[in-house]
Amino acid sequence: MMQISSVVASPGRLLQLCISTLCCVLTSVFSKVRRWTAGTCKGTASPVSPADSRPDEGEAQTPTSVNYHFTRKCNYKCGFCFHTAKTSFVLPLEEAKSGLRLLKESGMEKINFSGGEPFLHEKGDFLGKLVQFCKQDLQLPSVSIVSNGSMIRENWFQKYGDHLDILAISCDSFDEATNQLIGRAQGRKSHLDNLYKIRDWCQQYKVAFKLNSVINTFNVDEDMTESITELGPVRWKVFQCLLIDGENAGEEALREAERFVISEQQFQEFLDRHSSVSCLVPESNEKMRNSYLILDEYMRFLDCREGRKDPSKSILDVGVKEAIRFSGFDEKMFLKRGGKYVWSKADMKLEW
């Protein structure tokens with residue numbers, strides 16, 4: 001009786017409660033509608049049904065290591081980017097957690113959060129909550145992030161650093177002018193100063209530091225040996241610039257990456273020049289194309305076998321076992337490129 005009279009006596013509180021409930025319902029409904037209609041609106045990938053794509057009819061795949069690109073938005077304009085800002089959609093937090101739980105139940109051991117720029121959405125707090133959920137609730141052996149580093153602040157490490165195993169920062173050159181040419185910059189801010197600052201934070205907050213570099217026409221002749229040795233990453237992933245139709249090549253692409261493309265021979269010459277760097281992990285176009293399990297912002301697996309990104313249905317709608325059949329994932333190539341490694345900081349025996 002007291003509760004009823006309290007609500008009646010507070011019509012403003014009742015209205016606030018109704019609005020809050022309605023917002024939660026509409027957010028959930030809107031998210032489902034966006035997943036179902038993904039591809040029917042301008043700027044999104046075309047929906048793929050089992051009749052249109054090539055399902056894997058072999059043994060059931062296990063999503064051991066998954067790359068979740070939960071946002072496409074980015075504050076950089078790298079000319080070769082192969083996952084561009086074609087939508088601004090981000091799943092509500094609880095739906096993203098549901099999908100991650102489905103992946104864990106299907107055998108996922110490692111999750112890598114990427115974008116876009118993953119620290120851009122909600123100033124990194126959304127990302128932090130996912131990282132914490134995966135390590136604390138799902139108890140995944142490895143949780144990692146790939147970022148350009150521009151939006152990372154020390155207080156993020158203070159709040160979420162314990163739950164993160166690896167932080168990979170993208171850096172394509174140790175010359176500021178080259179980074180500007182590539183688009184790996186925001187205004188006049190120094191990408192390199194930020195890189196060294198983040199390396200120090202990783203040491204301070206016990207997060208394994210990793211580097212990613214895309215080798216292209218602007219940096220292929222550079223010798224990065226001294227800088228890489230000084231930074232001391234646990235791994236230096238070196239990618240050959242890759243063209244993906246609809247992303248950085250073709251009529252509907254937001255980038256034109258053809259001018260960044262290098263030959264296999266040029267890529268090999270770069271690798272030979274850096275053969276003394278023990279942490280170097282090279283990835284040619286052949287290795288990259290089908291050795292990654294990529295999950296987009298709608299939690300659809302992306303099949304890159306045909307040089308474009310053909311999406312499956314969302315794991316939230318059909319489950320992991322069905323969706324992964326349309327991922328184009330080659331587990332043998334995943335293992336061949338060294339996709340399975342010591343990826344938990346607890347097992348790395350690093351000297352902090």
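Please refer to the structure higher up on the page.
Just so we're clear, the structure is a prediction, and the values are computed from it rather than from any experiment. (Residues numbered from 1 in each chain as written. Predicted model: local features only at pLDDT ≥ 70, side-chain atom pairs only at ≥ 80, totals over all residues. Heavy atoms only, no water.)

Peer 1: Tell me about the overall build of the protein chain, residues and numbers included.
Peer 2: Helix and strand counts for the protein chain come out as 14 helices and ten strands. Counting only residues that meet the buried cut, the protein chain has 53% of its 352 residues in that class. Sequence separation of at least 24 residues holds for 75% of the intrachain contacts in the protein chain that already meet a minimum separation of 6. When the accessible area of the protein chain is evaluated, it comes to approximately 17,100 Å², of which 51% is carbon and sulfur surface. (Helix = DSSP H or I, 4+ residues; strand = E, 2+ residues; numbered from the N terminus. Buried < 20%, exposed > 50% of the residue type's maximum accessible area, 1.4 Å probe, protein only. Contact = heavy atoms within 4.5 Å. Areas by Shrake-Rupley, 256 points an atom, 1.4 Å probe, with all protein chains shown as cover.)

Peer 1: So what's going on with the packing of helix α3 (residues 93-105) against helix α4 (residues 125-137)? Which residues, and what values?
Peer 2: It is the contact of α3 with α4, at a shortest axis distance of 11 Å, that shows an interaxial angle of 30°. Once α3 is placed against α4, the crossing between them reads as right-handed. Contacts between α3 and α4 involve Leu 93, Ala 96, Lys 97, Leu 100 and Arg 101 from the first element and Phe 126, Lys 129, Leu 130, Phe 133 and Cys 134 from the second. Taken together, the residues of the contact of α3 with α4 sort by class into seven nonpolar, no polar and three charged. (Axes fitted to C-alpha atoms, helices over the stretch in contact; angles between N-to-C directions. Left-handed = near helix turned anticlockwise from the far one by under 90°. Nonpolar A, V, L, I, M, F, W, Y, C, P; charged D, E, K, R; others polar.)

Peer 1: Outline the packing of aromatic side chains, supporting the account with residue identities and numerical values.
Peer 2: This structure, assessed with the given rule, holds 15 aromatic pairs. Between Phe 157 and Trp 201, the ring centres sit 6.0 Å apart and the planes meet at 55°, which makes this aromatic pair tilted. Here Phe 157, found in helix α5 (residues 154-160), pairs with Trp 201, found in helix α7 (residues 191-204); they are 44 residues apart in sequence, far enough to count as distant. Exposure remark for Phe 157: the relative accessible area of 2% places this residue in the buried category. Through a chain of ring-to-ring contacts, three or more aromatic side chains come together here, namely Phe 119, Trp 156, Phe 157, Tyr 160, Trp 201 and Tyr 205. The ring of Tyr 341 carries the charged tip of Arg 235 above its face, separated from the ring centre by 3.6 Å. The ring of Tyr 292 has Arg 337 lying over it, and the distance from NZ or CZ to the ring centre is 3.7 Å. (Phe/Tyr/Trp six-rings, centres within 6.5 Å; stacked < 30°, edge-to-face > 60°. Lys NZ or Arg CZ within 6 Å of the ring centre and 35° of its normal.)

Distances and angles like these do not, on their own, reveal function.
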